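The primary structure of each chain is shown beneath.
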Amino acid sequence: MNVTERFLKYVTFDTQSDELTNLTPSTPGQMVFAKFLKEQLEELGLTDITLDDNGYLMATLPSNVDYATPTVGFIAHLDTSPDMSGRNVNPRIVKDYDGKDIVLNSEKKVILSPSEFPELTHYVGEDLIVTDGTTLLGADDKAGIAEIISAMAYLLKHPEIKHGKIRVGFNPDEEIGLGAHKFDVPTFGCDFAYTMDGGEIGELEYENFNAAMAKVTFVGRNVHPGYAKHKMVNSMRIANQFVIMLPRWETPEHTEGYEGFYHLVGMEGTVEKTVLTYIIRDHDRDRFERRKKEFEHLARKINHEFPDCCSLEIKDQYYNMREKIEDKMDIIHIAEQAMRDCDIVPKVVPIRGGTDGAQLSFKGLPCPNIFAGGLNFHGRYEFVPIRSMEKARDVIIKIAQIVANDKK
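Cut-offs used in this document
Residues numbered from 1 in each chain as written. Predicted model: local features only at pLDDT ≥ 70, side-chain atom pairs only at ≥ 80, totals over all residues. Heavy atoms only, no water. Helix = DSSP H or I, 4+ residues; strand = E, 2+ residues; numbered from the N terminus. Expected span 1.5 Å × (residues − 1). Buried < 20%, exposed > 50% of the residue type's maximum accessible area, 1.4 Å probe, protein only. Arc of directions from axis to C-beta. Contact = heavy atoms within 4.5 Å. Polar contact = N/O pair within 3.5 Å; in protein donor to acceptor, adjacent residues only side chain to side chain. Axes fitted to C-alpha atoms, helices over the stretch in contact; angles between N-to-C directions. Parallel < 35°, antiparallel > 145°, perpendicular 65-115°, else oblique. Left-handed = near helix turned anticlockwise from the far one by under 90°. Nonpolar A, V, L, I, M, F, W, Y, C, P; charged D, E, K, R; others polar. Phe/Tyr/Trp six-rings, centres within 6.5 Å; stacked < 30°, edge-to-face > 60°. Pairing = 2+ DSSP bridges. Salt bridge = Lys/Arg side-chain N within 4 Å of Asp/Glu carboxyl O. Disulfide = S-S within 2.5 Å.

Asker: What exactly am I supposed to notice about helix α6 (residues 285–305) here?
Answerer: For an α-helix the count is 3.6 residues per turn, leaving residues at separations of three or four pointing the same way. Along its 21 residues, α6 runs 31 Å from first to last C-alpha, staying within 8% of the 30 Å computed at 1.5 Å per residue. The complete set of buried residues in α6 reads F288, R291, K292, F295, L298, A299 and I302. Here the buried residues of α6 occupy an arc of 110° about the axis, which is enough to place them on one side. Across α6 from its buried face, at more than 90 degrees, point the exposed residues D286, R290, K293, R300 and H304. Close packing links the buried residues of α6 with β11 (210–219), α5 (235–245), β12 (261–269), β13 (273–282) and β14 (310–318). N-capping of α6 is provided by D284, with a side-chain oxygen placed 3.0 Å from the backbone N of D286.

Laid out in C-alpha cells, this is it:
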C-alpha cells in the first residue's frame with residue numbers, strides 16, 4: 001500500500017473523540033482503529049509492538065547500523081475532531097486540480113472555492129483528496145499516521161538506507177487535549193521525537209500557545225418580573241457585563257501570529273445561574289499569566305458591584321514547548337535539513353494552538369511538530385494534497401538518514 005491507499009483506508013474508521021465520556025480512549029472507535037494499525041505494524045515486521053488498555057500503540061523499527069545513534073520517534077494521533085462528524089467519510093480524489101471551484105456536494109451547495117480558501121491556488125496541477133461536503137476528512141491526523149507507517153514500510157524494503165532505532169507511537173484523544181496525558185515517555189524510550197500533525201507542506205513548529213481554560217460562574221436571584229424592582233439579580237445580564245469588559249480586539253477573529261486572545265467557547269444561563277467558558281491563549285508566558293490575572297481582576301470588580309455573585313475557576317492546559325526545545329535546536333536543524341534535502345522550503349511558524357508535542361516536551365521528550373499536509377482541518381472543507389503526504393513520508397525517511405549519518 002502506498003501513502004494514499006493507506007490514508008483512504010484509515011479515514012473509513014470513525015474515531016471522533018469526546019471530552020464528556022471521561023474514558024481513555026474517549027470513544028471505542030479509536031481502539032478499533034488502533035487494533036487495526038497494530039495488525040498492519042505486525043504484518044510489516046516491526047518489533048516491540050504494544051497496545052495498552054488506554055489505546056496507546058507503540059512499535060520499533062530496529063537499527064540497521066553497527067554504531068550507536070540517538071533513538072528518534074514519530075508520533076501521530078488516532079482521533080479526529082469532535083467539531084464535525086467523522087462517520088462515513090466519503091473522500092474523493094480531484095485529479096490535476098485546475099484552480100477553479102470544487103463542488104463537494106451539489107445537493108447541499110457545498111463548494112470549496114479559492115475565493116474563500118485562497119490556499120487552494122498553491123496546489124494547482126496537483127491531486128487533492130477532498131470530502132463529500134457532509135463530514136470532515138480526517139487528514140488531522142490520519143495523514144500523519146499514513147505517512148509514518150509508509151515511511152517505515154519504505155525503510156524495511158530498502159535496507160541500503162542506513163538508520164538507527166526508530167520508535168513510532170499513535171495515541172488517542174489529542175483533539176480534546178488529552179493525547180499526551182497517559183503517554184508513557186520512558187517506555188517510548190526516545191531521545192527526541194516529532195509529531196506529524198502540522199498543516200501545509202513545509203511547516204515546522206516548535207512554538208505553541210500557553211493555554212488555560214476558564215469557567216466563570218454567575219449566581220443571580222429570580223423574582224417574578226412584575227415585582228422584581230430592587231430584588232431580581234439577572235445572572236445573564238451580569239455575565240454579559242463581564243464579557244464586554246474584556247478587550248474587544250483580543251479575540252481569535254482579530255488576532256494572528258504571536259498575538260494572544262480570550263475566546264468565549266461556551267455560554268449557558270438562566271436568571272439564577274450563568275456559566276461562561278473561555279480558553280485563554282498567549283505564546284509569551286508573562287502575558288499568559290497577566291491574562292489569567294485579568295480574569296481575577298474582573299471577577300473582583302463584578303463581586304464589588306454584585307457581592308458574592310461571581311466565582312472563577314482557571315485550569316492550565318499546556319505550555320509553550322519552546323521553553324524545552326530552544327536549548328536543543330539541533331533537532332530543529334535536522335528537520336530543516338531533511339526538508340531541504342526533499343526540495344521543501346521549511347516554514348518555521350508558531351502554532352496558534354497546541355499539539356501533543358507540547359505536553360510531551362514538558363514530560364521530558366523534546367517533540368516539535370512537522371507538517372502532515374492537510375488544510376482546513378475540523379470541517380467539511382478539509383483537504384489534503386497527495387504530493388504533500390508523499391513529501392512528509394520522504395521527510396521522515398530523510399530524518400532517519402541524517403540522524404544515522406551524523407553519529408558515524
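Asker: What is the right way to read the packing of helix α1 (residues 3–10) against helix α3 (residues 139–157) from this model?
Answerer: The axes of two packed helices give the description: the angle between them and the distance between them. The interhelical angle for the contact between α1 and α3, taken along N-to-C directions, is 140°, at an axis separation of 9 Å. On the basis of the axis angle, α1 is oblique to α3. As for the relative orientation of α1 and α3, their crossing is right-handed in sense. Here V3, R6, F7 and Y10 of α1 lie close against α3, whose contacting residues are A139, K142, A143, I145, A146, E147, I149, S150 and A153. Here the residues of the contact of α1 with α3 are counted per class, giving nine nonpolar, one polar and three charged.

Asker: Can you walk me through the packing of aromatic side chains in this structure?
Answerer: Centre-to-centre distance and the angle between the planes together describe a pair of aromatic rings. Inspection of the entire model under this criterion finds 17 aromatic pairs. In this structure an aromatic cluster arises from ring pairing among F218, F242, Y262, Y278 and F295.

Asker: Teacher, can you tell me more about the sheet that holds strand β16 (residues 369–371) here?
Answerer: Read from one edge to the other, the open sheet built from eight strands follows the order β1-β2-β8-β3-β9-β16-β10-β15, with strand pairing classed as mixed. Two strands lie at the open edges of the sheet, namely β1 (47–51) and β15 (347–348), each paired on one side alone.

Asker: Help me understand the sheet that holds strand β17 (residues 383–385) in this model?
Answerer: Picture the strands of a sheet paired through backbone hydrogen bonds; they go either parallel or antiparallel. Pairing is antiparallel in the open sheet, where three strands are placed in the order β4-β7-β17. Strands at the two margins of the open sheet, each flanked by one partner only, are β4 (92–94) and β17. Going from strand to strand, the sheet's axes swing by 25° on average, the running direction of each strand aside. Of the strand pairs in this sheet, β4 and strand β7 (residues 128–130) are connected by three bridges, and their pairing is antiparallel. Bridge assignment links I93 to a residue of β7, and that residue is I129. Across the sheet, α1 is in contact with β4, β7 and β17; its angle to β7 comes to roughly 5°.

Asker: Which parts of the structure should I look at to understand the pattern of salt bridges?
Answerer: Two side chains bearing opposite charge may form a pair once their charged atoms approach each other closely. In this structure the tally under the stated criterion is 18 salt bridges. In this structure, K293 and E296 form a salt bridge, with 3.8 Å as the shortest nitrogen-oxygen distance. One end of the pair, K293, and the other, E296, are both in helix α6, three residues apart, so they sit about a helical turn from each other. On the basis of relative accessibility, which here comes to 31%, the residue E296 falls in the partly exposed class.

Asker: Sorry, what's going on with the state of the cysteines here?
Answerer: Counting across every chain of the model gives zero disulfides. Free of any disulfide, C309 has its nearest cysteine sulfur in C310, 6.2 Å distant. Free of any disulfide, C367 has its nearest neighbouring cysteine sulfur in C190, separated by 8.9 Å. Exposure remark for C367: the relative accessible area of 0% places this residue in the buried category.

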